[in-house]
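Structural features, examined
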Amino acid sequence: MRNTNRLLISLTILISSCLSWRALAQTVTCPTPPNLVKVNATATVTFDPTTNLYTYQYTVASDATSQQEVSGIAVDFAPPVQNVISPQGWTSGTFSGRNTVLWAATAPAPLPAGVADQGQVPPGLFQIKPGNSLGGFSLQSPNPPGPVNSYATGFADLGIADSEDGAEAIMDACPQSVGGFFDLAMVGSTQGPVQFIPVQIDIKPGSSPTAINPNAQGVIPVAILSSTTFDATKVDPTTVRFGPAGAAPNDSGHVEDVNNDGLPDLLFQFPTPATGIVCGDTSETLTGKTLTGTAIRGSQSVVTVDCKK
Amino acid sequence: MIPNWFLPHYQFPMRAVLIAASLIGIGHSQTSSPQGKIQLDQTLTQAQTVAASAQVCTQASDFCMQPSFDLVDDPIQKAGLTKCIPPKPTFATLPLLAACLDPITFQPLPGAMIQLSVQAEGNTGGHLHGSSPRPIGPPGPPLPNGQPPNPLNPDSGTVGSDNFLHFTYTAPELSGVMDITLTATLPDGTACIPVTARVAVELPGFSAIPSSGPGYVTTTSVGHDSNNIFAIPSVGANLQEVPVAFDFVAQELEQEFLIPTEPIPTLTYTSLALPFGGLFDVSTTGLGTIDHEWHPPHCGHRRGLEADLLINNTAVPPEFRGALYWSIIVSNFTTPVRTERPQFPAANHWHLRAR
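Below is a summary of the structure that appears in this document.

Cut-off values and rules
- Residues numbered from 1 in each chain as written.
- Chains lettered and ligands numbered in written order.
- Predicted model: local features only at pLDDT ≥ 70, side-chain atom pairs only at ≥ 80, totals over all residues.
- Heavy atoms only, no water.
- Pairing = 2+ DSSP bridges.
- Helix = DSSP H or I, 4+ residues; strand = E, 2+ residues; numbered from the N terminus.
- Contact = heavy atoms within 4.5 Å.
- Axes fitted to C-alpha atoms, helices over the stretch in contact; angles between N-to-C directions.
- Buried < 20%, exposed > 50% of the residue type's maximum accessible area, 1.4 Å probe, protein only.
- Polar contact = N/O pair within 3.5 Å; in protein donor to acceptor, adjacent residues only side chain to side chain.
- Phe/Tyr/Trp six-rings, centres within 6.5 Å; stacked < 30°, edge-to-face > 60°.
- Buried area = accessible area lost by both parts, 1.4 Å probe.
- Salt bridge = Lys/Arg side-chain N within 4 Å of Asp/Glu carboxyl O.
- Core = buried A, V, L, I, M, F, W, Y, C linked by side-chain atoms within 4.5 Å.
- Disulfide = S-S within 2.5 Å.

Our focus in this paragraph is the sheet that holds strand β16 (residues 337-339) of chain B. Strands sit in the order β9(A)-β16(B)-β17(B)-β15(B)-β14(B)-β12(B)-β11(B) across an open sheet of 7 strands; the sheet is mixed. The sheet is open, and its two edges are formed by β9 (159-161) of chain A together with β11 (212-213) of chain B, each paired on a single side. Against the sheet, helix α2 (residues 164-173) of chain A touches β9 of chain A together with β15 (306-310), β16 and β17 (349-353) of chain B, its axis set at about 40° to β17(B). The strands that helix α4 (residues 321-330) of chain B touches are β14 (267-270), β15 and β17 of chain B; relative to β17(B), the one it contacts most, it runs at about 20°.

This is the structure in structure tokens:
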């Protein structure tokens, strides 16, 4: 009986040891995920007709409920982009193999006093604190604005292990906190350069050349022409804009075959003073979106008249 | 007059024998004795056979397959090391046929009793060491006779109604060349000439990054020769992009006086993967000897997706690490994980993995 009890006790200890070793070996402490932020990236878009470039300026606001300081912001774009500018202490770059611009708070704060250097990344000196906002993020593109994804990450310390296999175990076991930027970032929406559908427009249908008096007080009729590959009636009239100043139409569009090709076109009336057309302009542009959100853009050459003083 | 030996019909018989010999496959030579043969099992579904034969190996071989991955059962686990946490164990298995061929007709002979064995060729697969028996198959509980589990299934038997013995070979987790040897006896006691087939176990297509380049150098793991700087080509390219991006960002910060003006560190990579992937065993002591042959650490570093980046204070001072971190991120790597070993601070590094 005593030997049996000893055997049972030994077996129990052995099994417990095995189980606790296995449990210990499997325990992994995951680092804090770098996405405990609530961020809004607001875009202000302006168009320069002399360069044909849109300038996208972003202001990034971190909600007061964010638990981390914002250290990375990214925006998708349809290429090309140029003149990417960052605020002080931030650096910009483009992800390898992907059309996304990244701004990162790379200028470091010194390690706090008494904190040993263990290979960690010091926090950025110019990260966006909860409840604060930061502007100065901008880029330029010939592509018009449309909805694009924005991404934001917060500052969190890297995971740490005291062994090679421990580090690998963290990578395998903690996908929610150790992963690629796009796997971890908080995703939002903002305006960015998007591909557009080129469309034909007819300014003042029936007139050639297309003469515009910039000083007139009336309206300028502009038709979006349908083609075999584009249905103008699928344009969202609320998005249509015309001229350098992006004038909205007086109406919601009138379906009419203005060029007698048998296809229905969409005709709008734009108040001349609101278009921003000035003497000397040689072409004017109409932009808008389809009902499914895809940008459209069309231009036509014009001559301005009654411009002598 | 044209000599008889020049005329085509005098050449034909010899040529026919040589052509037939070349068509037979592994193990045939001109002999009057029956000879063993090992070939790919074509009786599988087309998809399985295509998968087994599609891979083109770099190591010279008769057959080619990938190593097994992420196997949980590692009975020779060294104390003090975290056991690898595999996402999904994958056994790499090669379906084969064994037979004893008639020396005249080259057809498989009925009733042949076949014995199979497998042995690992030393110093293959990028493993330039071998002081302990090299695994020939996946780890697992030892057999009742104390031997490691048999990767051949079955490893012996009498051929079936098609005069073949259908068997499989399961690869170990490390790359290299395995020799499968067949011996056989016919029912009348005639011995078949043994044959050995070489099976290359590897992940093909890896390439070495240059040992140094703009903004970086490589250093080799202790215990291996300079053969652990291999990766899949796109990952290797991204590793070379990191120092370029890092240099650009660091210079910007210095020009804006946001960090002290000092030489921008040269990055040091080590421990990418071995030339043919698979298990990458290293020294745990840092003393130059491989003390943990054929086993983790390095649960990863097998698929050509990972690298270690030395990061102790003298390698990359703290003021540069933000620039380095973001350069890694935009180059399509995941968030690094720090490995800090107080006993070997010179080996402290960031573990990088391709996204």
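Next comes the rest of the account.
Right, let's get into the pairing of strand β8 (residues 176-185) of chain B. Residues and elements named next belong to chain B. Within β8, 7 of the 10 residues are buried, which leaves the element mostly enclosed by the surrounding structure. One ladder, built from 8 bridges, connects strand β4 (residues 113-120) with β8; its direction is antiparallel. Bridge assignment links Q115 to a residue of β8, and that residue is T183. Linking β8 to strand β9 (residues 191-201), which pair antiparallel, is a turn of 5 residues; within it G189 sits at a positive phi near 90°.

What follows covers the environment of B:T270. All names here are of chain B. Residue placement: T270 occurs in strand β14. With a relative accessible area of 9%, T270 lands in the buried category. Each C-alpha atom of the pair T270 and F230 lies 9.9 Å from the other, and the pair is 40 residues apart in sequence. In terms of polar contacts, T270 uses its side chain to reach the backbone carbonyl oxygen of T219, at 2.6 Å.

With the rule as written, the count across this model stands at 16 aromatic pairs over all chains. Here A:Y151 and A:F182 contribute two aromatic rings whose centre-to-centre distance is 4.9 Å and whose plane-to-plane angle is 85°, an arrangement assigned as edge-to-face. With A:Y151 in strand β8 (residues 145-154) and A:F182 in helix α3 (residues 181-184), the pair connects residues that are 31 residues apart, well separated along the chain. Residue A:Y151 is classed as buried on the basis of its relative accessible area of 5%. Plain terms: the ring middles of B:Y325 and B:W326 are 5.0 Å apart, the flat faces sit at 80° to each other, and that makes the pair edge-to-face. Just as B:Y325 is buried, B:W326 falls in that class too. Three or more aromatic residues link up through ring pairs in this structure, and these residues are A:F95, A:Y151, A:F181, A:F182, B:Y325 and B:W326.

We now examine the interface of chain A and chain B. Each side of the interface is counted separately: chain A has 51 residues, and chain B has 47 residues. Interface of chain A and chain B: buried area, both sides summed, is about 4200 Å²; carbon and sulfur atoms make up 60% of it. Looking at the side of chain A facing chain B, the largest losses of area belong to A:E164, A:D165 and A:M171, adding up to 15% of the total buried there. Summed over the shared surface of chain A and chain B, the result is 3 salt bridges.

Further remarks concern the nonpolar core. Among soluble globular proteins, nonpolar side chains are generally buried collectively. Within the largest apolar cluster, 44 residues are counted, with the highest numbers of intra-cluster contacts made by A:F181, B:L267, B:Y269, B:L324 and B:W350. Elements represented by at least two residues in this core include exactly β6 (100-105) and α3 of chain A together with α3 (233-255), β14, β15, α4 and β17 of chain B. Among residues more than four places away in sequence, those in contact with B:L324 are B:V242, B:F246, B:L267, B:L309, B:I311, B:V316 and B:W350.

We now examine the pattern of salt bridges. Evaluation of the coordinates by the stated rule reveals 9 salt bridges over all chains. Across the pair A:K129 and A:E69 runs a salt bridge, and its minimum N-O distance is 3.7 Å. In this pair, A:K129 is assigned in the loop between β6 and β7 (133-141) and A:E69 in the loop between β2 (53-62) and β3 (70-76), connecting sequence segments 60 residues apart. For A:K129, a relative accessible area of 41% corresponds to the partly exposed category. The class of A:E69 is partly exposed, set by a relative accessible area of 24%. Ionic pairing is found between A:D157 and B:R338, a salt bridge with its closest N-O pair at 2.9 Å. Remark: B:R338 occurs in strand β16 and A:D157 occurs in the loop between β8 and β9; the pair is interchain, linking two chains. Here the salt bridges share partners, and the residues they tie into one network are A:D172, B:E306 and B:R353.

Another aspect to go through is the state of the cysteines. All told, the structure shown has 4 disulfides over all chains when counted by the stated rule. Note on cysteine connectivity: A:C30 is disulfide-linked to A:C174, with sulfurs 2.0 Å apart. Taking the torsion about the S-S bond as the criterion, the A:C30 to A:C174 disulfide, at about -85°, is left-handed. Within this pair, whereas A:C30 is found in the loop between α1 (2-26) and β1 (39-48), its partner A:C174 is found in the loop between α2 and α3, the two being separated by 144 residues in sequence. Looking at A:C174, the relative accessible area reads 0%, which means it is buried. Across the disulfide, B:C100 is cross-linked to B:C192 (sulfur-sulfur distance 1.5 Å). Torsion about the S-S bond of the B:C100 and B:C192 cystine: about -100°, corresponding to left-handed handedness. Here the residue B:C100 occupies a position in strand β3 (residues 93-101), and B:C192 occupies one in strand β9, the gap between them amounting to 92 residues. The class for B:C100 is buried, based on a relative accessible area of 0%. Sequential numbering of the bridged cysteines in chain A gives the disulfide pattern 1-2, 3-4.

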